Amino acid sequence: MSVTGLDNQTERAAPETAAPLTPPPPADTAAAPSRARSRVEAAVVVALVIILALGAYLRFVGLNWDSGSHLHPDERFLTMVGSAVSGVDNPLDYLRTSTSTLNPYNFGYSLYVYGNFPMTVTRYLAEWATGICDAASAGAGQPPAWCSHTYSGYDGIQLVGRFLSAVVDLVAVFFTFLIARRLYDWRAGLFAALLLALAVMPIQQSHFFTMDNWATAFVTAGLYAAVRAATLGDAEPRWRLRWWALFGLMLGLAAASRVNVAPLAVVIGVSAVIWLARRGQYSGGQYSVFSNRNRDWERAVVGIALAAVVSIITFRLAQPYAFTDAQMVRDAAAEAGETPNAFVVALKSVIGLNPAFLANMAEIQRLQAPEASFPPAIQWVDRPAILFPLSNMILYGMGLTAGLFAWFAVAWAAWRGVSSLGKKVRRTQESATHWSYPEWMLHAIPLTWTLLYFLFMGTRWVKSVRYFLPIYPTLFVLAGWAIVQLWKWAVVSRSVGQWSVGQLSAGEGDARLATRHAPPPFAPPPPPPPGRGTPRHAPPAYGRRW
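Notes on the structure follow. (Residues numbered from 1 in each chain as written. Predicted model: local features only at pLDDT ≥ 70, side-chain atom pairs only at ≥ 80, totals over all residues. Heavy atoms only, no water.)

Along its 25 residues, helix H4 (residues 116–140) runs 36 Å from first to last C-alpha, staying within 8% of the 36 Å computed at 1.5 Å per residue. Here H4 has its buried residues at Asn116, Pro118, Met119, Thr120, Thr122, Arg123, Ala126, Ala129, Thr130 and Cys133. Looking at the packing, one finds that the buried side of H4 touches helix H3 (73–84), helix H5 (157–183), helix H8 (212–229) and helix H11 (296–318). At the exit of H4 stands Gly141, carrying a positive phi of roughly 90°. (Helix = DSSP H or I, 4+ residues; strand = E, 2+ residues; numbered from the N terminus. Expected span 1.5 Å × (residues − 1). Buried < 20%, exposed > 50% of the residue type's maximum accessible area, 1.4 Å probe, protein only. Contact = heavy atoms within 4.5 Å.)

So, in structure tokens, the structure goes:
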């Protein structure tokens with residue numbers, strides 16, 4: 001019989017004139033926890049804004065660091081491409097690979113292995129800024145001070161690209177906070193965001209017109225969607241299909257920025273496993289997820305399939321020049337002496353890959369292999385796999401202290417996750433009910449992505465330190481968790497030490513004095529008063545909407 005049922009029976013058995021067994025708490029006392037939570041939430045928001053402001057200052061200061069000299073080689077190439085392409089006049093031309101004015105292949109850049117989506121956004125923003133400057137110059141007679149560059153030209157578009165690199169990196173900082181906040185608590189979220197905001201490599205890359213920060217931002221947003229799809233941080237594992245779709249959207253945009261972040265697709269499978277495990281644990285193990293009555297496994301498959309479809313569609317639209325169009329299909333058929341029907345032309349114009357894109361992918365694989373003998377590839381000779389990128393991340397990418405602690409957190413989380421199989425971690429800090437679930441679920445997503453991508457990139461021939469930026473957010477998420485755990489241990493150890501000292505100083509003869517120094521014993525929350533039964537799964541107290 002439920003607690004609510006017992007309470008109802010008690011109320012029926014008591015006389016109508018009897019006074020209630022437990023008087024309701026005063027209004028001021030009942031509202032005190034709510035006010036305290038509001039104050040904490042407001043303080044967290046203020047702290048996050050300060051962290052973002054600090055990160056913004058470090059990223060936006062000195063954007064014109066080279067005084068227009070174009071010293072970064074990759075950036076110089078992207079500047080040449082960005083100043084050559086232009087926005088399309090007809091929106092339908094955007095998808096016409098053979099004629100689009102946004103396609104680098106149409107301007108003689110036959111080896112373009114970067115993402116189309118960041119280039120397209122940068123070009124449109126550059127044209128918009130140039131238009132504002134032209135209008136301001138026409139109205140005032142002279143351009144404003146900030147219009148000293150033609151932002152759509154060769155000597156100005158790199159500034160637009162750098163600005164956007166800084167903006168999207170701040171997006172990564174924000175989502176890093178959200179991930180750690182939902183997996184652990186707000187303290188871990190603030191520490192993780194602060195570490196990423198102060199990290200060396202993200203700040204440096206925010207001053208370059210490249211695609212690395214774009215990919216990192218979309219990866220981080222996708223990881224947050226994966227956490228929400230797994231219902232981590234929720235008291236109840238409810239099915240919300242929108243998070244699976246959002247993961248697919250972020251995966252597609254990330255791949256349209258840097259195609260080598262495609263292994264992110266594995267993470268949604270981890271979300272499905274966690275969701276199924278949570279469903280089984282939520283029901284108390286009374287059913288199997290594969291039973292006919294509970295088709296949770298079908299929901300997991302549908303979620304994964306939806307994420308896959310959305311990611312493919314997103315990649316098709318955000319990286320359109322990796323695909324052919326109808327004119328290219330007809331030209332290829334004419335060269336082969338064939339006459340394709342309308343259905344074949346339509347199908348290939350939607351899913352057919354551009355031969356130039358395929359040739360680019362093959363060429364970049366050749367250039368990033370040990371057999372390559374041109375100068376940029378020779379520098380990787382005698383660079384040990386795993387150890388070389390690891391040492392570069394710790395010494396130069398993150399900073400010695402932050403790097404060592406982040407990788408210590410990875411090892412600690414992996415050990416805790418494995419050793420806690422079958423155990424549970426109680427989430428009482430910010431929940432209205434004392435719900436819990438196995439600790440391995442908390443670490444599974446950040447650990448999977450960190451180790452998977454690090455092993456994938458760390459064993460390749462080219463091991464540039466900036467290639468590892470997509471795992472910085474999850475490394476710092478785990479670092480934030482480790483900081484909070486060590487902090488809690490320190491507080492507990494100090495309390496126990498003070499209690500022990502109090503007992504020793506009091507002596508055995510004065511038990512009351514010793515008890516005065518002892519910490520209060522743990523007591524479970526009192527049962528609700530009669531007629532006020534607590535629902536089995538009450539909504540979290542605050543902050544879960546994040």
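This part covers the layout of surface pockets. By volume, the largest pocket is sized at about 1,200 Å³. Surrounding the largest pocket, 43 residues form its lining, Asp74, Ile364, Gln368, Arg466 and Tyr467 being those nearest its centre. Broken down by secondary-structure element, the contributors of at least two residues to the lining of the largest pocket are H3, helix H7 (200–205), helix H14 (355–367), helix H15 (375–378), helix H16 (387–398) and helix H18 (440–458). Considering each element in turn, the lining of the largest pocket owes the most residues, five residues, to H14. (1 Å grid on protein atoms, 1.4 Å probe; cavity = no way out; pocket = protein on both sides within 12 Å on 5 of 7 lines; lining within 4 Å. Points joined across faces, edges and corners; volume = space filled by probe spheres on them.)

Moving on, we get to the pattern of salt bridges. Inspection of the entire model under this criterion finds 15 salt bridges. Linking Asp169 and Arg59 is a salt bridge whose minimum nitrogen-to-oxygen distance equals 2.6 Å. Within this pair, whereas Asp169 is found in helix H5, its partner Arg59 is found in helix H2 (residues 27–60), the two being separated by 110 residues in sequence. We classify Asp169 as buried; its relative accessible area is 2%. Arg59 gets classed as buried once you look at its relative accessible area, which sits at 0%. Taking the shortest distance from any N to any O, the salt bridge between Asp234 and Arg240 comes out at 3.5 Å. Both residues of the pair, Asp234 and Arg240, belong to the buried class. (Salt bridge = Lys/Arg side-chain N within 4 Å of Asp/Glu carboxyl O.)

Moving on, we come to the state of the cysteines. Under the definition given, this model contains one disulfide. Bridging Cys133 to Cys147, the disulfide has an S-S length of 2.0 Å. Looking along the S-S bond of the Cys133-Cys147 disulfide, the torsion reads about -80°, which is the left-handed sense. Taken together, the positions of Cys133 in helix H4 and Cys147 in the loop between H4 and H5 put the pair 14 residues apart, joining distant regions of the chain. Pair check on accessibility: Cys133 and Cys147 agree, each one buried. (Disulfide = S-S within 2.5 Å.)

Once that is clear, we can look at the packing of aromatic side chains. In this structure the tally under the stated criterion is 29 aromatic pairs. Centroid distance Trp239 to Trp244: 5.3 Å. Interplanar angle 35°. Geometry classified as tilted. The class of Trp244 is buried, set by a relative accessible area of 0%. These aromatic residues form a ring-pair network of at least three members: Tyr184, Phe405, Phe408, Trp412, Trp481 and Trp489. Over the ring of Trp186 we find Arg187; its NZ or CZ atom is 5.9 Å from the centre of that ring. (Phe/Tyr/Trp six-rings, centres within 6.5 Å; stacked < 30°, edge-to-face > 60°. Lys NZ or Arg CZ within 6 Å of the ring centre and 35° of its normal.)

Interhelical geometry of H8 versus helix H9 (residues 241–255) gives an angle of 165° and a closest axis separation of 8 Å. On the basis of the axis angle, H8 is roughly antiparallel to H9. In the packing of H8 onto H9, the handedness of the crossing is left-handed. Between H8, through Ala215, Phe218, Val219, Ala221, Gly222, Tyr224, Ala225, Ala226, Arg228 and Ala229, and H9, the contact on the second element is made entirely by Trp243, Trp244, Leu246, Phe247, Met250, Leu253 and Ala254. Taken together, the residues that form the contact of H8 with H9 break down as 15 nonpolar, one polar and one charged. (Axes fitted to C-alpha atoms, helices over the stretch in contact; angles between N-to-C directions. Parallel < 35°, antiparallel > 145°, perpendicular 65-115°, else oblique. Left-handed = near helix turned anticlockwise from the far one by under 90°. Nonpolar A, V, L, I, M, F, W, Y, C, P; charged D, E, K, R; others polar.)

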